[in-house]
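Commentary on secondary and tertiary structure
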Amino acid sequence: MIRNEAEYQEANERLAEERKRYETHERSLKEAGLTEEEIKRVVDPLRSFHLQLAEEVESYERLKRREFAEIENLRGIGHLLISLRIALGLSQRELARRLEVHESQVSRDERNEYFGITLERAARILDALNVRLHTKVELQPQEELLNSF
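This write-up is about the structure you can find in this document. All values reported here derive from a predicted model rather than from experimental measurement. (Residues numbered from 1 in each chain as written. Predicted model: local features only at pLDDT ≥ 70, side-chain atom pairs only at ≥ 80, totals over all residues. Heavy atoms only, no water.)

1. Quick notes on the overall build of the chain
For the chain, the helix and strand inventory stands at seven helices and zero strands. Put simply, the chain runs from its N terminus to its C terminus through helices and strands in the order α-α-α-α-α-α-α. Taken over the C-alpha trace, the chain has a radius of gyration of 21 Å; the compact-globule value for 149 residues is 15 Å, which it surpasses by more than 25%. The principal-axis extent of the C-alpha atoms belonging to the chain is close to 60 × 50 × 25 Å. Going through the 149 residues of the chain one by one, you find that 27% of them count as buried. Sequence separation of 24 or more characterises 59% of the internal contacts of the chain that already satisfy a separation of 6 or more. When the accessible surface of the chain is split by element, carbon and sulfur atoms take 49% of a total near 11,000 Å². Charge centroids of the chain, computed over 25 positive and 31 negative side chains, lie 4 Å from each other. (Helix = DSSP H or I, 4+ residues; strand = E, 2+ residues; numbered from the N terminus. Rg over C-alpha atoms; globule rule 2.2 N^0.38 Å. Buried < 20%, exposed > 50% of the residue type's maximum accessible area, 1.4 Å probe, protein only. Contact = heavy atoms within 4.5 Å. Areas by Shrake-Rupley, 256 points an atom, 1.4 Å probe, with all protein chains shown as cover. Lys, Arg positive; Asp, Glu negative; His and termini not counted. Charge placed at Lys NZ, Arg CZ, Asp CG, Glu CD.)

And the structure:
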């Protein structure tokens with residue numbers, strides 16, 4: 001996950017470099033006389049890395065536009081907290097200052113995507129970000145509930 005502008009710029013540069021490398025490699029394989037199937041087998045790992053990096057860049061750009069994925073049953077709350085900080089343009093240092101903790105604590109928490117965070121701590125982070133999170137409860141029909149066991 002891209003967490004700041006410096007990482008975003010670096011990822012964009014890597015993406016451009018990887019695109020050139022991929023195209024050059026594919027062209028040289030064609031010139032060497034490999035079949036389309038052989039070329040595909042060789043370049044698929046490069047393509048996979050390229051697509052993953054492109055998805056990370058696109059995901060960061062969505063965050064900057066303040067577009068967030070929905071979370072269900074609080075799964076993904078850690079990722080959402082990181083996303084909110086990024087979308088608001090706050091550094092980890094600024095969030096740490098607002099939470100009155102050391103920056104290394106925020107860095108460590110984000111690296112672990114706030115794994116095991118308490119609801120109280122999540123609420124404190126949301127308050128520090130000045131964000132209101134609304135929930136919607138949907139009860140399963142009784143029939144579905146009985147069939148799920």
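There is more to say after this.
2. Topic: the packing of aromatic side chains
A complete count under the given rule lists one aromatic pair for this structure. Both rings, one in Tyr8 and one in Tyr60, keep their centres 5.0 Å apart while their planes meet at 25°; by these two values the pair is stacked. One end of the pair, Tyr8, is in helix α1 (residues 5-31); the other, Tyr60, is in helix α2 (residues 36-64), and 52 residues separate them in sequence. (Phe/Tyr/Trp six-rings, centres within 6.5 Å; stacked < 30°, edge-to-face > 60°.)

3. Focus: the nonpolar core
With 26 residues, the main nonpolar core has Leu81, Leu95, Tyr114 and Leu129 as its most contacted residues. Of all the elements in the fold, those that place two or more residues in this core are α1, α2, α3 (77-87), α4 (92-99) and α6 (119-129). In terms of residue count, α3 provides more of this core than any other element does, six residues in total. Look past the residues within four positions of Leu95 in its chain and what remains in contact with it is Arg85, Val106, Glu110, Tyr114, Ala128 and Leu129. (Core = buried A, V, L, I, M, F, W, Y, C linked by side-chain atoms within 4.5 Å.)

4. Structural notes on α6
Along α6, the residues that are buried comprise Ala122, Ile125, Leu126, Ala128 and Leu129. What you see down the axis of α6 is that its buried residues fit within an arc of 160°, all on one side. α6 presents Glu120 and Asp127 as exposed residues on the side facing more than 90 degrees away from its buried surface. As for α6, its buried residues are in contact with α3 and α4. (Arc of directions from axis to C-beta.)

5. Quick word on the packing of α4 against helix α5 (residues 103-111)
Two numbers describe how α4 lies on α5: the axes approach to 8 Å, and their chain directions differ by 115°. Taken as axis vectors, α4 and α5 run roughly perpendicular relative to one another. Here α4 runs over α5; the crossing is right-handed. Residue-level contacts link Gln92, Arg93, Leu95, Ala96 and Leu99 of α4 to Glu103, Val106, Ser107 and Glu110 of α5. (Axes fitted to C-alpha atoms, helices over the stretch in contact; angles between N-to-C directions. Parallel < 35°, antiparallel > 145°, perpendicular 65-115°, else oblique. Left-handed = near helix turned anticlockwise from the far one by under 90°.)

6. A closer look at the side chain of Arg85
Mapped onto the secondary structure, Arg85 falls in helix α3. Setting aside chain neighbours within four positions, we find Arg85 in contact with Arg3, Leu90, Ser91, Gln92, Leu95, Glu110 and Leu129.

7. A short note on α3
Along α3, 10 of the 11 residues are buried, which leaves the element largely enclosed by surrounding structure. Those residues of α3 that are buried are in contact with α2, α4, α5 and α6. One or two residues past the end of α3 sits Gly89, with phi positive at roughly 75°.

Limitation: the analysis is restricted to geometry and does not speak to function.
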